[in-house]
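Below, each chain spelled out in residue letters.
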Amino acid sequence: MSNDRWAAPGRDGEDRAGGSTPLPPPPPYDPTGEAPAPPAYQPGYAAPSGHPQQPGHEQPQGHGHGQQPGYNQPPAYGPPPAYGQGPAYGQGPAYGQAPPPGGYPSMAMVTNPGIVPLRPLFLGDILGAGFKILRFNPRATIGLSLALQLIGLLLVLPFVGWLLTGGVQRLGDLSDPDNGSSPLLNLVQVPSSLFASAATLVLCVVVSRAVIGERATIGEAWRELRPQIGRLLLFLLVTGLLWLAGLGLVALALYGLAQLDGALAVLGGLVLAPVFVFVYVRLGLATSALILERIGVIESLRRSWALSRGAFWRLFGIQLVTSLVVGFASGALMFPVTMIGMLAVFATSSDSPDSLASGFLVMMVIVGLAQVLIAAVTTPITSTVSTLLYIDQRIRREGLDVELARAVERRATQER
């Protein structure tokens, strides 16, 4: 299905995404359950048996067929069909009966075709979808994230080999367990972090398809994303430079305040930190807008700012809750792994520095593998929440749920 449904309303002269023609409205609902009235019969011809006589049409006397009700006189309704008898032609299915083959798509299919219902979403819908997508499309979520994480881990294998062939002796203080968090371990995690960021871009396409019940493969998501690689790289460059410039200005401001008074620097930090959080949340929808709407870098930033207007606290709250849930789960899983790594250090090392460095290397490998496995699960969850926040804002502001429901109806019609 085309990705035009994600286009912003009114862009390029279209009312809705893709300029799709609205479907004709369904026939009006009749609360009495009666069939539409048949056309009036000509004088001299009696109505067929079982059909009510039509009001307002009198037959001439002498034909022996009786007289129809007069004007403004209610028609006489025939008896209801016998038990087990189907409804008359033109009527819908009787209560409790299934629609005929090739009938209308079910309302559940239209309103809840994928991982979330097509309506404004709540916190439970968004968080639940983060876990639901792992079961809905495990290959394109866990499989993709795990594959990219493993590629990042394979890139550091030459470095690990260097450590095993004598580089251990050159580690020095980097391998000292008393240092707490090791810069070496953080350096090893850099490739995996970069590939995790790449996974979030592909997962944005996977999640957008899952919303309407489509299981996109990794190849389909990549083919959809590949023409936008240039814009994505430019987006990462521009946003990275903007954040660096902002951090630099903040650092200079805090340094100047610290020269005057330390308390002013602390106060300035307390003031500027919420400003950074505010800007981060307001621009947090730009990546999804860039990928799904296929717009430029600056336009995606403006789009995110417009979509998030008036919704800062809601977006911030959902992102905060998601971070707490994912962080708590990751910490709970990493704690026993870290303990196992520490036991491995003590079991394989002695008092010599070389032995301590070797034990640290074993711990680094164990912890690195555990982080890869955990990130393979947590990365799709956070990516799903980020993409659904963008979709939810468009549902609330632009009625995107209507366009997505039409896409589901069109797909159901083509499959029948």
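Residues numbered from 1 in each chain as written. Predicted model: local features only at pLDDT ≥ 70, side-chain atom pairs only at ≥ 80, totals over all residues. Heavy atoms only, no water.

Novice: What exactly am I supposed to notice about the overall build of the protein chain here?
Specialist: A count of helices and strands for the protein chain gives 13 helices and 0 strands. Along its sequence from the N terminus, the protein chain presents helices and strands in the succession α-α-α-α-α-α-α-α-α-α-α-α-α. Relative to its full complement of 416 residues, the protein chain shows a buried share of 36%. Taking the intrachain contacts of the protein chain between residues at least 6 apart in sequence as the baseline, contacts between residues at least 24 apart amount to 70%. Surface summary for the protein chain: the accessible area is close to 24,100 Å², and the carbon and sulfur share equals 66%. (Helix = DSSP H or I, 4+ residues; strand = E, 2+ residues; numbered from the N terminus. Buried < 20%, exposed > 50% of the residue type's maximum accessible area, 1.4 Å probe, protein only. Contact = heavy atoms within 4.5 Å. Areas by Shrake-Rupley, 256 points an atom, 1.4 Å probe, with all protein chains shown as cover.)

Novice: Would you take a moment to explain the nonpolar core for this structure?
Specialist: When a protein is soluble and globular, its nonpolar side chains tend to lie buried together. With 52 residues, the main nonpolar core has Ile115, Ile291, Leu388 and Ile391 as its most contacted residues. A total of 10 residues in this core trace back to one element, the largest contributor, which is helix α5 (residues 183-211). Residue contacts for Ile391: discarding those within four places in its chain leaves Trp6, Ser208, Val211 and Leu400. In this structure, Val337, Val367, Ala370 and Ile374 belong to the second largest nonpolar core, which totals 7 residues. (Core = buried A, V, L, I, M, F, W, Y, C linked by side-chain atoms within 4.5 Å.)

Novice: Mind showing me how you'd approach the pattern of salt bridges here?
Specialist: In the structure shown here, the tally under the stated rule is 12 salt bridges. Glu214 is paired through a salt bridge with Arg209; the nearest N and O atoms lie 3.7 Å apart. Across the pair Arg209 and Glu220 runs a salt bridge whose closest N-O atoms are separated by 3.9 Å. Of the two residues, Arg209 is situated in helix α5 and Glu220 in helix α6 (residues 218-225); the sequence distance between them amounts to 11 residues. Accessibility expressed as a relative area gives 11% for Arg209, which makes it buried. Since its relative accessible area comes to 31%, Glu220 is described here as partly exposed. (Salt bridge = Lys/Arg side-chain N within 4 Å of Asp/Glu carboxyl O.)

Novice: Explain the packing of helix α7 (residues 229-260) against helix α10 (residues 297-307) here, please?
Specialist: Each pair of packed helices can be described by the angle between their axes along with the distance between the axes. Taken N-terminus to C-terminus, the directions of α7 and α10 make an angle of 65 degrees; their axes are 9 Å apart at the nearest point. Note on element contacts: α10 touches α7 through Val297, Ser300 and Leu301, opposite Arg231, Leu234, Phe235, Val238, Thr239 and Leu242. In the contact of α7 with α10, the residues fall into 6 nonpolar, 2 polar and 1 charged. (Axes fitted to C-alpha atoms, helices over the stretch in contact; angles between N-to-C directions. Nonpolar A, V, L, I, M, F, W, Y, C, P; charged D, E, K, R; others polar.)

Novice: Looking at this structure, how should I read the packing of aromatic side chains?
Specialist: Aromatic ring pairs are described here by two measures, namely the spacing of the ring centres and the angle between the planes. The tally for this structure, following the rule as stated, stands at 7 aromatic pairs. The rings of Phe278, Trp305, Phe312, Trp313 and Phe316 are connected pair by pair, giving a single aromatic cluster. Over the aromatic face of Phe136 sits the side chain of Arg215, whose NZ or CZ is 4.0 Å from the ring centroid. Seen from the ring of Trp305, Arg282 lies directly overhead, with NZ or CZ sitting 4.1 Å from the centre. (Phe/Tyr/Trp six-rings, centres within 6.5 Å; stacked < 30°, edge-to-face > 60°. Lys NZ or Arg CZ within 6 Å of the ring centre and 35° of its normal.)

Novice: What should I look at first to understand the side chain of Arg394 in this one?
Specialist: Counting through the fold element by element, Arg394 comes out in helix α12 (residues 353-398). The class of Arg394 is buried, set by a relative accessible area of 2%. A distance of 3.4 Å separates the side chain of Arg394 from the side chain of Glu293, its partner in a polar contact. Polar contacts involving the side chain of Arg394 include one to the side chain of Tyr390, which spans 3.0 Å. (Polar contact = N/O pair within 3.5 Å; in protein donor to acceptor, adjacent residues only side chain to side chain.)

Novice: When you look at a nonpolar patch on the surface in this model, what are you seeing that I'm missing?
Specialist: Among the surface-exposed residues, Leu260, Leu264, Val266, Leu267, Leu270 and Val271 lie close enough to one another that they form a single nonpolar patch of about 610 Å² accessible area. Looking at which element gives the most residues to the nonpolar patch, the answer is helix α8 (residues 262-282), with 5 residues. Given the relative accessible area of 35%, Leu264 is considered partly exposed. (Patch = residues over 30% accessible without salt bridge, like charges linked within 9 Å, V, L, I, M, F, W, Y side chains within 5 Å.)

Novice: Is there a simple way to think about the packing of α7 against α8 in this case?
Specialist: Following both chains from N to C, one finds α7 and α8 inclined at 165 degrees, their axes separated by 7 Å at the closest point. With respect to their mutual orientation, α7 and α8 come out roughly antiparallel. Judged by the twist between their axes, the crossing of α7 over α8 is right-handed. Counting all contacts with α7, which are made through Trp243, Gly246, Leu247, Val250, Leu254, Leu257, Ala258 and Leu260, the residues of α8 involved are Gly262, Leu264, Ala265, Gly268, Gly269, Leu272, Phe276, Val279 and Tyr280. Taken together, the residues of the contact of α7 with α8 sort by class into 13 nonpolar, 4 polar and no charged. (Parallel < 35°, antiparallel > 145°, perpendicular 65-115°, else oblique. Left-handed = near helix turned anticlockwise from the far one by under 90°.)

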